[in-house]
Amino acid sequence: MSAKKNSQPRQMDRRRFLQDSARGIAGCALAGMGLGYFISDARALPAQALRPPGALAEDDFLAACIRCGLCVRDCPYNTLVLAELGRDGPATGTPFFTARDIPCEMCEDIPCVLACPTGALDPALRDIDDAKMGVAVLIDQENCLNALGLRCDVCYRVCPVIDEAITLERSHNERSGHHAIFMPTVHADKCTGCGKCEKSCVLPGEAAIKVLPARIARAEAADHYKLGWEDRNPLVDDLIDLPDRLPGPGTDNLAAPGGYLPEAMPDPGMEGGFTPSFKLPGTRP
Amino acid sequence: MSIKTRAPVGREAIATFGWWRAHRFLILRRLSQMFFLSLFLLGPWFGIWWIKGNLSGSLSFGILPLTDPFIAAQSLIAGHWPELTGLIGALIVALAYALIGGRVYCSWVCPVNPVTDGAHWLHDRLGLKKGWQPKAGTRWWVLAMVVAVSALTGTIAWEFVNPVSMLHRGLIFGMGLAWAFVVAVFVFDLFVSRRGWCGHLCPVGTFYGLLGAKSVLRVSAARRADCDDCMDCFAVCPEMHVITPALRGQAGETPIILSHDCTNCGRCIDVCAKDVFAFTHRFDATDAPARDDRSRSQPASGASRAA
Ligand code: SF4
Ligand code: SF4
Ligand code: SF4
Ligand code: SF4
């Protein structure tokens, strides 16, 4: 067999190979885009689906969780469930809980985190009080009984981190005029998002206090904001200390209340203002 | 040779060896599939928690962690380094399949296999056309696509749509609408593409095949000299192209089916009335003479096309 005879089919082979590859790439790019779109869609975690304690941030979680359900199995309170396709909001097969159904009881030994084989639930979480499953928000201040001036206090009483995560802040009841309002107030740095408050809110149907994922519940202060009453350090080292300007001639503060010269007073005999102890050249005495 | 004019597959083997001998690996395979599924169901159904979890990841008897190496690989690609437990689990599973054949997962464990086998059985009964047959390399493209999407989206991409884990997890934890994906696979195999899912698309199977590329346990066409071209093995094999090189090989070429697409399902061993096939290991160097007329008739390419 001569090389010449061979060249024709070989070219055909190459062309076919290239065609096939192009088709393969195109097909897979299409399928990949479809899959990518589906994933971005499925990534949108609904607000009331809370991840288990120690769960990584949602994006990292979806790279880590293999959807094995071991956390679900080891939760003694049946808090956690694996999301079912089309029924639950979170990505199919991933663990979550709904506070109003069964909240997290904040087990001291955190069995769900211990069970997780992948680190999707971060084993660095050793103290359940450090969990950040979400943040409770008193979301309906018109129907919360305490907000109406009654003493329900249930969300406050059930909180495992009572008096730290949630406090009752007293204020005057303007409506009755002589009562107090004990406003349930959540402190996000201490709230674990366990959802016990939401679960036990006495309102029928939806709770007035709800645990929301931090990404929804929390705003973020801009980097350069500074609470002057907490942080007393000057913004800039070596502040230029400009002389304080006193009201007086040569300044724009000519209309200082009470004037600055006896002549300017309605009654010149009146003791008004003060006499500056200095004099700018070329001004009236 | 036309499939339609031929006697039903395996009839000769049943006549020669009896029903059990002509179905043993099929039966064993179904038993194995049921066994692995029921191990996982013991907990949720009967409260016997020998095994917790599912095929994606599990813990047996409180000490033995197992992780799906394909999922672990996607997790790594997505940028997450799993905890040691998960990694060890993936390593154990990967090693096991590397020894016994990656696609043993497909034929002996995977819960979708009975579904696609069922579709194929019905396809046969209805005498449907084989339909769209993707190119041989398609499954590699699909696998590459999954890897790329995992990297780009930073997620374990295939788990969003994987009918294998959806079915398995669904049976154990609750199905939701996941059955729709399983039905889709069934319908696809039945009406769109014969043996299309497992044979051409499923990246799980492709990955496991890769894993078992050098596996020790193999099927060999050891007595290929006795083959009488009844074609039954081609008819039952889910990956029939793997048979040709071994069965039709010249003397001196190995009779061992070395393709990593072979699922080690053993059906060819079942249905061969001439007892050509047997399980062996890849280093088996027993001499296997080819059939004498091999060089003359060359039915190899024609056969695989017909089948
Ligand atoms: S801390 Fe306890 S109750 Fe809460 S999710 Fe984990 S195992 Fe369940
Ligand atoms: S145990 Fe970990 S990997 Fe398994 S489902 Fe729960 S979070 Fe995901
Ligand atoms: S979610 Fe509610 S009960 Fe739980 S820690 Fe926060 S305030 Fe307390
Ligand atoms: S190819 Fe995929 S679906 Fe088919 S048996 Fe193998 S893993 Fe299961």
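Residues numbered from 1 in each chain as written. Chains lettered and ligands numbered in written order. Predicted model: local features only at pLDDT ≥ 70, side-chain atom pairs only at ≥ 80, totals over all residues. Heavy atoms only, no water.

### Quick notes on the overall build of chain A
- When helices and strands are counted, chain A shows 7 helices and 6 strands.
- Taken from N to C terminus, the helices and strands of chain A fall in the order α-α-α-β-β-α-β-α-β-β-α-β-α.
- Burial analysis of chain A (285 residues in total) assigns 39% to the buried set.
- Sequence-distant contacts in chain A: of pairs separated by 6 or more residues, those separated by 24 or more amount to 61%.
- Counting only carbon and sulfur atoms, one obtains 54% of the accessible surface of chain A, whose full area is about 17700 Å². (Helix = DSSP H or I, 4+ residues; strand = E, 2+ residues; numbered from the N terminus. Buried < 20%, exposed > 50% of the residue type's maximum accessible area, 1.4 Å probe, protein only. Contact = heavy atoms within 4.5 Å. Areas by Shrake-Rupley, 256 points an atom, 1.4 Å probe, with all protein chains shown as cover.)

### Focus on the overall build of chain B
- For chain B, the helix and strand inventory stands at 16 helices and 5 strands.
- Scaling as 2.2 N^0.38, a compact globule of 307 residues should have a C-alpha radius of gyration of about 19 Å, and chain B matches this with 20 Å.
- The buried share among the 307 residues of chain B stands at 53%.
- Restricting to contacts in chain B with at least 6 residues of sequence separation, those with at least 24 account for 76%.
- Distance between charge centroids for chain B: 5 Å, based on 29 positive and 20 negative side chains. (Rg over C-alpha atoms; globule rule 2.2 N^0.38 Å. Lys, Arg positive; Asp, Glu negative; His and termini not counted. Charge placed at Lys NZ, Arg CZ, Asp CG, Glu CD.)

### Considerations on the site of ligand 1
- Close to ligand 1 lie Pro-53, Cys-75, Pro-76, Tyr-77, Thr-79, Leu-80, Cys-104, Glu-105, Met-106, Cys-107, Pro-111 and Cys-112 of chain A, which account for all nearby residues.
- A per-class count over the shell around ligand 1 returns 10 nonpolar, 1 polar and 1 charged. (Near = heavy atom within 4 Å. Nonpolar A, V, L, I, M, F, W, Y, C, P; charged D, E, K, R; others polar.)

### A word on the nonpolar core
- Judged by nonpolar contacts, the single largest core of 56 residues is most densely connected at Ile-243, Leu-247 and Phe-277 of chain B.
- The biggest single contributor to this core is helix α7 (residues 138-153) of chain B, with 5 residues. (Core = buried A, V, L, I, M, F, W, Y, C linked by side-chain atoms within 4.5 Å.)

### A few points about the packing of α7 of chain B against helix α11 (residues 203-211) of chain B
Residues and elements named next belong to chain B.
- Following both chains from N to C, one finds α7 and α11 inclined at 100°, their axes separated by 9 Å at the closest point. The angle between the axes of α7 and α11 places the two elements in the roughly perpendicular class. For the pair α7 and α11, contact is made by Arg-139, Trp-140, Val-142, Leu-143 and Val-146 and by Pro-203, Thr-206, Phe-207 and Leu-210, respectively.
- By residue class, the composition of the contact of α7 with α11 is 7 nonpolar, 1 polar and 1 charged. (Axes fitted to C-alpha atoms, helices over the stretch in contact; angles between N-to-C directions. Parallel < 35°, antiparallel > 145°, perpendicular 65-115°, else oblique.)

### A word on the packing of aromatic side chains
Residue and element names in this part refer to chain B.
- Per the counting criterion, the structure on display carries 11 aromatic pairs over all chains.
- Relative to Phe-61, the ring of Trp-50 has its centre 6.1 Å away and its plane inclined at 40°; by these criteria the two rings are tilted. Here the residue Trp-50 occupies a position in the loop between α2 (24-46) and β1 (51-54), and Phe-61 occupies one in the loop between β2 (57-60) and β3 (64-67), the gap between them amounting to 11 residues.
- For Phe-61, a relative accessible area of 58% translates into the label exposed.
- When the centroid spacing of 6.3 Å and the interplanar angle of 80° are considered together, the rings of Trp-132 and Phe-188 count as edge-to-face. Linking Trp-132 in the loop between α6 (112-125) and α7 with Phe-188 in helix α9 (residues 179-192), this pair joins segments that are 56 residues apart in sequence.
- What links up through ring pairs into an aromatic cluster is the set Phe-70, Tyr-97, Tyr-105, Phe-207 and Tyr-208. (Phe/Tyr/Trp six-rings, centres within 6.5 Å; stacked < 30°, edge-to-face > 60°.)

### Considerations on α9 of chain B
Residues and elements named next belong to chain B.
- For α9, built from 14 residues, the straight-helix expectation of 20 Å at 1.5 Å per residue is met to within 8% by its first-to-last C-alpha distance of 19 Å.
- Looking only at α9, the buried set comprises Val-182, Val-185, Phe-188, Asp-189 and Leu-190.
- Contact partners of the buried residues in α9: α6, α8 (163-173) and α10 (196-201). (Expected span 1.5 Å × (residues − 1).)

### Concerning unusual backbone geometry
Residues and elements named next belong to chain A.
- Phi at Arg-67 is positive, roughly 65°, even though this residue is not glycine.
- Relative to the elements of secondary structure, Arg-67 occurs in the loop between α2 (58-64) and α3 (70-74).
- A relative accessible area of 1% means that Arg-67 is categorised as buried.
- Despite not being glycine, Asp-163 has its phi angle at roughly 70°, a positive value.

### Details of the sheet that holds β3 of chain B
Residue and element names in this part refer to chain B.
- Taking strand neighbours across the sheet as the criterion, the 3 strands line up as β1-β2-β3 in an open arrangement whose pairing is antiparallel. A single partner strand is all that each edge strand has here, and the edge strands are β1 and β3. Along the sheet, successive strands turn relative to each other by an average axial angle of 10°, direction set aside. (Pairing = 2+ DSSP bridges.)

### So, the interface of chain B and chain A
- The interface is formed by 43 residues belonging to chain B together with 41 residues belonging to chain A.
- Taken over both partners, the interface formed by chain B and chain A buries close to 3200 Å², and the fraction arising from carbon and sulfur atoms is 69%.
- Ranking the residues of chain B by area buried against chain A places Trp-141, Phe-160 and Phe-173 of chain B at the top, with a combined share of 22%.
- The partner of Lys-52 of chain B in a salt bridge is Asp-74 of chain A, and the shortest N-O contact between them spans 2.7 Å.
- Run the count over chain B and chain A and you get 12 residue pairs in polar contact (both at pLDDT 80 or more).
- Among the elements that line the side of chain B that touches chain A, the one with the most residues is α7 of chain B, at 5 residues.
- Looking at the side of chain B that touches chain A residue by residue, the classes come out as 23 nonpolar, 15 polar and 5 charged. (Buried area = accessible area lost by both parts, 1.4 Å probe. Salt bridge = Lys/Arg side-chain N within 4 Å of Asp/Glu carboxyl O. Polar contact = N/O pair within 3.5 Å; in protein donor to acceptor, adjacent residues only side chain to side chain.)

### Remarks on the environment of Leu-95 of chain B
All names here are of chain B.
- Along the chain, Leu-95 turns up in helix α4 (residues 84-100).
- By relative accessible area, Leu-95 is classed as exposed at 54%.
- Between the C-alpha atom of Leu-95 and that of Ser-215, which follows or precedes it by 120 residues, the distance is 9.7 Å.

### Observations concerning the pairing of strand β5 (residues 179-186) of chain A
Residues and elements named next belong to chain A.
- Across 8 bridges, the pairing between strand β4 (residues 166-173) and β5 is antiparallel. Across the sheet, residue Arg-170 finds its bridge partner in β5, namely Phe-182.
- The turn joining β4 and β5, which pair antiparallel and follow one another in sequence, is formed by 5 residues; a positive phi near 85° is taken by Gly-177.

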